[in-house]
Amino acid sequence: MGITYREIGKWMVMLVLLWVSCEKTEGSHVLHMRLQETDLNVTLAVTNPALKAAYHFRPPNNWINGPLYYKGYYHLFYQYNPKGAVWGNIVWAHSVSKDLINWIALKPAIEPSKPFDQYGCWSGSATILLDGTPAILYTGIIAKNDTDPKNILWTQVQNVAYPKNLSDPFLEEWDKPDYNPVIPIGPGVNGTAFRDPTTAWYSPEDKHWRLVVGSKWDLKGQALLYRSKDFKKWVKARHTLHATRGTGMWECPDFFPVSVKGLLGLDTSVKGKGVKHVLKVSLDLDRYEYYTIGTYDITRDRYTPDGTSKDNKHGLRYDYGNFYASKTFYDPEKKRRILWGWANETDTTDEDVAKSWAGVQLIPRTVWLDPSGKQLLQWPVEELNSLRGKQVSVTSKTVKPGDHLKVGGIQTAQADVEVTFDVSSLSNAEPFDPEYMYDAQAFCKIKGADVKGGVGPFGLYVLATSDLQEKTAVFFRVFKSEDKHVVLMCNDPTQSTLAPSLAESKYKPTFAGYVDVDLTKSSSISLKTLLDHSVVESFGAGGKTVISSRVYPTLAQGDNARLFIFNNGAADIKVTKLDAWELKKPLMNIGA
């Protein structure tokens, strides 16, 4: 593997991200008391180990709900239940890596133990102080109201923790000072909706640190702003960094700078000329995220979106699929900003318990500002290519209307597929219904992969059986509006599984987003899809639109999984080039 895990790196940065899975507002969590029990709502094929993700980060067993990255070595501190594959009994588990792909598990780093976190250690972030000391800020739970077991209210404060041994590159021991909480509940703060402190940024002008804590007041989502000179005493600003009505609780906020030009990432404290800022929030009401791009005025401590996208649930998303509680960090070694995101399971709770694991981190992605300045672009970190093995290619193939073309020669349950399509004619494009301008998912639901169209649907059938009884479709479809063509990208898992338990739950949602491309200027559009048994991650048009999903085929598992190119439109589609690689299995939490 070429990795010496006990080698001390030359540089060190830290970013902690621990994410919380809230089923209701007001800081509530669903507790599953029957952690090791099952019932009849289990399809044995869905619990088959063949569906366990191989190269996506996951714990050795049980439940994951968040990661961290730590410089030099990449550190993931993630919420982990050592007693079962559902939420509860949470500790901060800890894994390390040199390359973001191969991971070694260490002992848990932080557990509830003091009055300021006695009921839980929830989400947080980390910051490297001016002297190089890593500091974790995290949400501690100090009380709970469990009179309604389906809607437990948790009282939240913000705490700090420091490594006990700064010479230890693995940060295996942490100290939680008794002067916690460093940010108690103050006047005008909703104590049961007060969590997930961000990475702090420093301003040399006034020698203050700043950070944001997610909150809400009624249905107004808030990024509460705090300042500190010593990282010990924090004072709440009179105003929020930003707030938006009607969005509800803002979980896992993330605030960071991006360069206006180029691909290089920026340290969280960078500001000034040639810099834009991104504010991302996770919406507890809707269980997905959105972000805006805008300007940060350090003198007023205000963030103002540019207005090029909606500042609400209809805004831009990192990922239009199964993706939540994301967090970025700056990697100074390669001068890039990396995005982590979490995908939960979409099978039943009983199946999670039966298979003894749940939840994965999606492949870490490099993010940067699109040249238009209107959105971010994303791409899997380059280290993933180290797993590539056997390759097959297809070039210059025309797929006729109604046809599908099998791509053979490799095992495709664990693969990396890149394809470029040429759409030479747009004359058959269907009229676009403006009713769906801000609801691509609903549009995809009625315009699924099997619904015949004009230009598209065309794309890939993945994790499919030879007879297409099971298939997950990832595809494009082109429409014509009054002044331009509209490109819809979809993930359609409605035929992904024959599992009776999932048919009964009816939870096989289509996911979709629009792709900002002009096919009249360039007739080509690309699609990259990562397949990992039950994980499907797709990147459209070079990372302009990303969709991830979890699927549970009962037949299309392992060597029985097939890959097809398909076209259900009325016009020919040309495959300019397709490359597909088998992906090897990395070290995944060896040492646990």
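Going by the structure above, here's the rest.
Figured I'd write up the structure that's included with this text.

Each value, and the rule that gives it
- Residues numbered from 1 in each chain as written.
- Predicted model: local features only at pLDDT ≥ 70, side-chain atom pairs only at ≥ 80, totals over all residues.
- Heavy atoms only, no water.
- Helix = DSSP H or I, 4+ residues; strand = E, 2+ residues; numbered from the N terminus.
- Buried < 20%, exposed > 50% of the residue type's maximum accessible area, 1.4 Å probe, protein only.
- Areas by Shrake-Rupley, 256 points an atom, 1.4 Å probe, with all protein chains shown as cover.
- Pairing = 2+ DSSP bridges.
- Axes fitted to C-alpha atoms, helices over the stretch in contact; angles between N-to-C directions.
- Salt bridge = Lys/Arg side-chain N within 4 Å of Asp/Glu carboxyl O.
- Phe/Tyr/Trp six-rings, centres within 6.5 Å; stacked < 30°, edge-to-face > 60°.
- Core = buried A, V, L, I, M, F, W, Y, C linked by side-chain atoms within 4.5 Å.
- Contact = heavy atoms within 4.5 Å.
- Polar contact = N/O pair within 3.5 Å; in protein donor to acceptor, adjacent residues only side chain to side chain.

### Things to note about the overall build of the protein
Part 1: Helix and strand counts for the protein come out as 3 helices and 39 strands.
Part 2: Counting all 592 residues of the protein, 61% fall into the buried class.
Part 3: By element, 50% of the accessible surface of the protein is carried by carbon and sulfur atoms, the whole surface being about 22,100 Å².

### A closer look at the sheet that holds strand E27 (residues 388-399)
Whether parallel or antiparallel, the strands of a sheet pair through hydrogen bonds between backbone atoms.
Part 1: Read from one edge of the open sheet, 6 strands run E27-E39-E29-E35-E36-E37, paired in antiparallel fashion. The outermost strands of the open sheet, each flanked by one partner alone, are E27 and strand E37 (545-550). Each neighbouring strand pair of the sheet contributes to a mean axis angle of 15°, computed without reference to strand direction.
Part 2: Relative to strand E39 (residues 573-583), strand E29 (residues 414-422) is paired through 8 bridges, and the arrangement is antiparallel. Across the sheet, Val 419 pairs through a bridge with Leu 578, a residue of E39.

### Some remarks on the sheet that holds strand E7 (residues 121-128)
Part 1: Strand order in the open sheet formed by 4 strands is E7-E8-E9-E10, and the pairing between neighbours is antiparallel. Bordering the open sheet on either side are E7 and strand E10 (174-175), each of which pairs with just one other strand.
Part 2: Inspection of the sheet shows strand E8 (residues 134-145) paired to strand E9 (residues 153-163) by 9 bridges, in the antiparallel sense. Its bridge partner lying in E9, Thr 139 is registered against Gln 158.

### Re the pattern of salt bridges
Part 1: Overall, the coordinates contain 29 salt bridges when judged by the stated rule.
Part 2: Of the charged contacts, one joins Glu 173 and Lys 107 as a salt bridge, the two residues approaching to 2.3 Å between their closest N and O atoms. Of this pair, Glu 173 sits in the loop between E9 and E10 while Lys 107 sits in strand E6 (residues 104-110), placing them 66 residues apart in sequence.
Part 3: Residue class for Glu 173 comes out partly exposed when judged on its relative accessible area of 34%.

### Describing the packing of aromatic side chains
Part 1: Scanning the model with the defined rule gives 25 aromatic pairs in all.
Part 2: Ring geometry for Tyr 202 versus Trp 209: centroids 5.0 Å apart, planes at 55°, classification tilted.
Part 3: For Tyr 202, a relative accessible area of 16% puts it in the buried group.
Part 4: Classification of Trp 209 by relative accessible area gives buried; the value is 6%.

### A look at the nonpolar core
Part 1: Counting 57 residues, the largest nonpolar core has Phe 421, Leu 460, Phe 476, Ile 525 and Leu 578 as the members making the most contacts within it.
Part 2: The dominant element in this core, judged by the number of residues it contributes, is strand E31 (residues 455-464), at 5 residues.
Part 3: Setting aside anything within four residues of it in sequence, one finds Ile 525 in contact with Val 419, Thr 420, Phe 421, Val 423, Phe 458, Phe 476, Val 487, Val 517, Leu 519 and Ala 541.
Part 4: Listed in part, the 19 residues of the second largest apolar core include Phe 432, Cys 444, Leu 468 and Phe 479.

### Quick notes on the environment of Val 417
Part 1: Inspection of the secondary structure assignment puts Val 417 in strand E29.
Part 2: For the pair Val 417 and Glu 582, spaced 165 residues apart in the sequence, the C-alpha separation amounts to 8.9 Å.
Part 3: If near-sequence neighbours (up to four positions away) are discounted, Val 417 is found in contact with Leu 460, Leu 527, Lys 528, Thr 529, Leu 531, Leu 563, Leu 578, Asp 579 and Ala 580.

### Details of unusual backbone geometry
Part 1: For the peptide bond that leads from Asn 180 to Pro 181, omega is 0°, which places it in the cis range.
Part 2: Note that Pro 181 resides in the loop between E10 and strand E11 (194-195).
Part 3: Here the residue pair Gly 456 and Pro 457 is connected by a cis peptide bond, since its omega of 10° sits within 30 degrees of zero.
Part 4: Relative to the helices and strands, Pro 457 resides in strand E31.
Part 5: Phi at Arg 287 is positive, roughly 65°, even though this residue is not glycine.
Part 6: Considering the arrangement of structural elements, one finds Arg 287 in the loop between strand E18 (275-283) and strand E19 (288-297).
Part 7: Judged by its relative accessible area of 29%, Arg 287 is partly exposed.

### Structural notes on the pairing of strand E21 (residues 324-331)
Part 1: Judged by how many residues are buried, E21 sits mostly within the fold: 8 of 8 residues are covered.
Part 2: The sheet contact formed by E21 and strand E22 (residues 336-343) spans 6 bridges and is antiparallel. Bridged to Tyr 324 within E22 is Trp 342.
Part 3: Taking the residues that link successive antiparallel strands as the turn, the E21-E22 hairpin has 4 residues, and the phi of Lys 335 there is positive, at about 50°.

### Focus: the side chain of Thr 292
Part 1: Positionally, Thr 292 belongs in strand E19.
Part 2: Note on Thr 292: relative accessible area 2%, which makes it buried.
Part 3: Among the polar contacts made by the side chain of Thr 292, one reaches the side chain of Tyr 303 at a distance of 2.7 Å.

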